[in-house]
Amino acid sequence: MRFEVDPELTGALCEQIVAMWADVSNAGGSVGFVGQVTRADIEPVAEDTFAGIAAGIDRLLVGYDEDGAVVAMLILRSQRFHLSAHWRTLGRVMVHPRRQGRGAGAALMREGERIGREMGLEGLHITVRGGEGLERFYTPLGYREVGRLPRALRVAPGDDRDEVRMWLDLS
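Below is a summary of the structure that appears in this document.

Reading the values: rules and limits
- Residues numbered from 1 in each chain as written.
- Predicted model: local features only at pLDDT ≥ 70, side-chain atom pairs only at ≥ 80, totals over all residues.
- Heavy atoms only, no water.
- Helix = DSSP H or I, 4+ residues; strand = E, 2+ residues; numbered from the N terminus.
- Polar contact = N/O pair within 3.5 Å; in protein donor to acceptor, adjacent residues only side chain to side chain.
- Contact = heavy atoms within 4.5 Å.
- Axes fitted to C-alpha atoms, helices over the stretch in contact; angles between N-to-C directions.
- Parallel < 35°, antiparallel > 145°, perpendicular 65-115°, else oblique.
- Left-handed = near helix turned anticlockwise from the far one by under 90°.
- Nonpolar A, V, L, I, M, F, W, Y, C, P; charged D, E, K, R; others polar.
- Bend = angle between axes of the 7 residues up to and from the residue.
- Buried < 20%, exposed > 50% of the residue type's maximum accessible area, 1.4 Å probe, protein only.
- Core = buried A, V, L, I, M, F, W, Y, C linked by side-chain atoms within 4.5 Å.

This part is about the side chain of Arg161. The topology assignment puts Arg161 in strand 7 (residues 159-169). A polar side-chain atom of Arg161 sits 2.8 Å from a polar atom in the side chain of Glu132. Excluding residues that lie within four positions of it along the chain, Arg161 makes contacts with Arg129, Gly130, Gly131, Glu132, Leu149, Arg151, Ala152, Leu153 and Val155.

Shown next, in the form of structure tokens:
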């Protein structure tokens, strides 16, 4: 996989990201949606996401396969608050389902860490949906649980999940 930081947000790139986002979500990925979604469901959220990147506030990391297709991404999101300028939240962390289980996610996270260090950040934060076992993925990468918001995520009526907060110290 080849990584690119802050690629130009062309219409074609945005379309590939939205398509991957739908594929990841429809395969059960915890990327902001629950159940089956369409591109039309994702597009309004994606537009807000792209606006922060286009404004230079947030940073985009994209992973491409050997054919140049988008197969992974994450966003280093600013808190937009000067007292938090020394760290970022990783958002929309996803690997296309056909690339999962072969180390692409770990490679994506290591590249995100490298960028964070290059930016001079002191920490990276990520939130994960409880009940999915995602903590087991992030812990070997150096992230540690630093808190939980109990029942903060309502994935369905009667199915509330904890929002698990994890932190990677870069200092």
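Packing of helix 1 (residues 11-26) against helix 2 (residues 39-54) brings their axes to within 10 Å, and their N-to-C directions diverge by 125°. Overall, the two elements helix 1 and helix 2 adopt an arrangement that is oblique. Crossing hand, helix 1 versus helix 2: right-handed. Counting all contacts with helix 1, which are made through Cys14, Glu15, Ile17, Val18, Ala19, Trp21 and Ala22, the residues of helix 2 involved are Arg39, Ile42, Glu43, Val45, Ala46, Thr49 and Phe50. When the residues that make up the contact of helix 1 with helix 2 are grouped by side-chain class, the tally is 10 nonpolar, 1 polar and 3 charged.

Moving on, we get to helix 2. A bend of about 30° at Val45 is the largest found in helix 2. Along helix 2, the residues that are buried comprise Ile42, Ala46, Thr49, Phe50, Gly52 and Ile53. Each element contacted by the buried residues of helix 2 is listed here: helix 1, strand 2 (59-64), strand 3 (70-77) and strand 4 (87-95). Directly beyond the C-terminal end of helix 2, a positive phi value near 80° is found at Gly56.

Quick look at the nonpolar core now. By size, the foremost hydrophobic cluster in this structure holds 23 residues, and its most contacted members are Leu90, Met109 and Tyr143. Elements represented by at least two residues in this core include exactly strand 3, strand 4, helix 3 (104-118), strand 5 (123-129) and strand 7. Element by element, the count of residues in this core is highest for helix 3, at 5 residues. Apart from residues lying up to four places away in sequence, Leu90 is in contact with Leu74, Ile75, Leu76, Met109, Leu124, His125, Ile126 and Tyr143.

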